[in-house]
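Per-entry structural report
As a plain string of letters, each chain reads:
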Amino acid sequence: METGSEGVPTERAPGVEAPPGGGPSPAAPARDDVEWRGVERALLRMRRTVLLLTVPPILLAQTVLLWVLVGPVWTVLMVPLVAVTVFGWFALGRNWRSWRYAERADDLLISRGVLWREMTVVPYGRMQLVEVTSGPLERRYGLARLQLHTAAAATDAAIPGLVPEEAERLRDRLTELGEARSAGL
Amino acid sequence: MPERQERPEGPERSETPETPEDSERPEHRGWRRDHPPGGTGPAGSGEPAAARGLARLLPARPEGRRLHPVTPWRRTWAPIAALAVFAVQDFNRAREWFTQLTLGWLLVAFLLLLPAAAAYGFLSWWVTSYQVTNTELRIRTGLLFRRVAHIRLDRLQAVDVTRPLLARAVGVAKLKLDVVGTNDKDELAFVGEADAVALRAELLARAAGIAPEAAPSAGEAPERELVRVPPSRLTVALLLMGTGWGFLLATIFVPVLIYSWTGSVGAAIATGVPMLGGAWVATLGRYLTEYDWKVAESPDGLRLDHGLLNREHATVPPGRVQSVRIVEPLLWRRLDWVRVELEVAGSDIGNSVLLPVAPRGVAAGVLARVLPGVDLDEAARVARPVPRRARWAVPVWWQGYGHGVTDAVFATRRGLLRRELTLVPHAKVQSVRLTQGPWERRLRLADVLVDHGANGTASARLRDVDEAYAIVDAQADRSRTGRRTARPDRWLT
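Chain B goes by PH domain-containing protein in an unreviewed UniProt entry, where it is assigned to Streptomyces durbertensis.

Chain A goes by PH domain-containing protein in an unreviewed UniProt entry, where it is assigned to Streptomyces durbertensis.

So, about the overall build of chain B. Helix and strand counts for chain B stand at 17 helices and 21 strands. Scored against the burial criterion, the 493 residues of chain B give a buried share of 48%. Carbon and sulfur atoms provide 61% of the accessible area of chain B, an area that totals close to 23900 Å².

Before going further, it helps to examine the overall build of chain A. Check the secondary structure of chain A and you find four helices and seven strands. In chain A, the share of contacts with a sequence separation of at least 24, taken over all contacts with a separation of at least 6, comes to 59%. Working note: accessible area of chain A is about 9000 Å², and carbon and sulfur atoms make up 64% of it.

One widely used convention gives an interface's size as the accessible area the parts lose upon coming together. With 27 residues of chain A at the interface, the matching set in chain B holds 28 residues. One can count two salt bridges joining chain A with chain B. For D473(B), the salt bridge is made with R104(A), and the minimal N-O distance between the two is 3.3 Å. Inspection of the region where chain A meets chain B yields seven residue pairs in polar contact (both at pLDDT 80 or more). When residues in the side of chain A that touches chain B are grouped by element, the largest group, seven residues, is from strand β4 (residues 117–123) of chain A. As defined by bridge partners, β4(A) adjoins strand β19 (residues 429–436) of chain B across five bridges and the pair is classed as antiparallel. Across the sheet, residue E118(A) finds its bridge partner in β19(B), namely T435(B).

Residue and element names in this part refer to chain A. Annotation from UniProt places "transmembrane region" (unreviewed entry) at residues 50–68 and 74–92. Taken end to end, residues 50–68 comprises 100% helix and 0% strand; its first and last C-alpha atoms sit 28 Å apart. Taken as a whole, residues 74–92 contains 79% helix and 0% strand, while its terminal C-alpha atoms sit 29 Å from one another.

All names here are of chain B. Mapped onto the present numbering, the UniProt feature "transmembrane region" (unreviewed entry) falls at residues 103–128, 234–259 and 265–284. Helix makes up 92% of residues 234–259 and strand makes up 0%, while its end C-alpha atoms are separated by 36 Å. Annotated as 95% helix and 0% strand, the span residues 265–284 places its first and last C-alpha atoms 26 Å apart.

Attention now goes to the pairing of strand β2 (residues 100–103) of chain A. Residues and elements named next belong to chain A. Alignment of strand β1 (residues 37–38) against β2, held across two bridges, turns out to be antiparallel. Opposite G38, over in β2, you have R100 as the bridge partner. The sheet contact formed by β2 and strand β3 (residues 107–112) spans four bridges and is antiparallel. Within β3, the residue paired with Y101 across the bridge is I110. Following β2, the chain reverses through three residues before pairing antiparallel with β3.

Our next topic: the pattern of salt bridges. Residue and element names in this part refer to chain B. Applying the stated criterion across every chain yields a total of 38 salt bridges over all chains. The salt bridge involving R433 is made with D451; its shortest N-O contact spans 3.0 Å. A residue pair is termed long-range when its members are at least 10 positions apart, and R433 in strand β19 and D451 in strand β20 (residues 445–452) qualify at 18 residues. Residue R433 is classed as buried on the basis of its relative accessible area, which comes to 9%.

Conventions and cut-offs
Residues numbered from 1 in each chain as written. Chains lettered and ligands numbered in written order. Predicted model: local features only at pLDDT ≥ 70, side-chain atom pairs only at ≥ 80, totals over all residues. Heavy atoms only, no water. Helix = DSSP H or I, 4+ residues; strand = E, 2+ residues; numbered from the N terminus. Buried < 20%, exposed > 50% of the residue type's maximum accessible area, 1.4 Å probe, protein only. Areas by Shrake-Rupley, 256 points an atom, 1.4 Å probe, with all protein chains shown as cover. Contact = heavy atoms within 4.5 Å. Salt bridge = Lys/Arg side-chain N within 4 Å of Asp/Glu carboxyl O. Polar contact = N/O pair within 3.5 Å; in protein donor to acceptor, adjacent residues only side chain to side chain. Pairing = 2+ DSSP bridges. UniProt positions renumbered as here; feature names shortened; annotations may be inferred.

Here it is as structure tokens:
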């Protein structure tokens, strides 16, 4: 289940409050033996900006339309939608805190999600391809995204919101480790 | 032969229908020898001037061996078949057209269409060739857009030889190599039957790592038959399948019901036809493909032969099986019969059956050959049930879920009426995932998913959350150590 929530103000339900940054959060219990790293705060800023730039104008337009076409009373209908948007603001924060990754001796762990949690373990030897992408919006915020591919298409391992240097360091390290431990199908 | 003289000047399509018969046959005989490159191949037909003129008109022939000369005929019929399909699908409009058509128009259409189709068939055959080198099979094809497929033999996952009914009558076969990333175009259709067998032997010998000089003459590896499914058992097994009967009943009753409600024959037929298709696939269609199922073992791996009208063959080299599934339909359980399915990377879903029906003991014997060190009974025994509180997540069916691990495989079972046991060798695990939805988290449950190289996933659902995290960790370790002991890609080295 993809739990990335670019500007979608739903799905991120209240979870247990987690300490900010990359510290161990309840998203993955019993994983204190490894060194977890979080993703950049700029990712949260980017997603919140996208949320602010897209949803409120639409809501405003709808409110005006309701007011003009149906009647002022009907604008009450907009209250739940506004509430969902406000909730989305906080949900994005929780989702951002839930993204963590850790390099272990032989594999990479990626953990994410608040309501729908997912943890992926990819052994280095199984990586077929490591790619770093960065779209125009991500570049504005100085971010890059790391995507791992194995021979199984179901392996959906990606880390968004890394600084480009970290993404490149990770890519080089993973490629190197992958070559050292390479195993095909 | 006056018409032969004028051919080079004439329009291209009129020259083509006879040419393969005339000029290509002598060349095809020497399929083992490498052809000289360029378009002068058919010069051996004894009429140098005409042939050379003809060759100038044709595109350059790619080097390599050719497909069987019967191939163009298959492609010739493609446009006509397409027309027929169109006529069936849009029946009303097709009828309208036909009533307007006079005999003359029909004749003209045929005179234009048939040569055009023949020309297309001939040309597509002309520009297709294949070549076996030490490390790969190269298939060159494409009339306008050239396409060269390089299929690496050390990445070979399986070799399929298919002989459809018509092709059997003519004595030709299709040969396909399953490699991750190949598509339907990368098959050799058609080559002569004897050639296909020889080519298969050569490709397997090269893929196995036999010295390149010895490979062409290595011949077919000896095989030992493991199981042969008798037709009577297949018949009984299919009669005991619920899906076939379900479709059959639906085919009879649903159109009748729809007709009585709506009074429209069209609607009844529209719903009946797909169901009839389903019934066909589940019963007779399956009987035809799974008839005379033979599993044999050879140094080149597992050999599967089956089919009544279309004979199909697959060779799966050792260590290529990514996952095995043992399916037990409800009504087979009394007889203790099982169906075994296997997944190989790069293969299509159609040929994923290892054994359509066999007693459990026999299936266990075959399984031990496919995945060395795997004991079916042990794998079934280690699958422990899920916690009782899982009934709040999946009522009733929670009892069907189970998961366990042996030294060799990750085993999960599911299903209550129709039981399924999935085995993934540790060495084939590509990644391990854990997922947990909100409801599962309330119940302190989680799912563990294991992805293997055949684009499949085995899931151990509804485990206790602490156990699930332990499974993920342990499985990552096991897959790593399992890979170290895995066999080499070239299995005879």
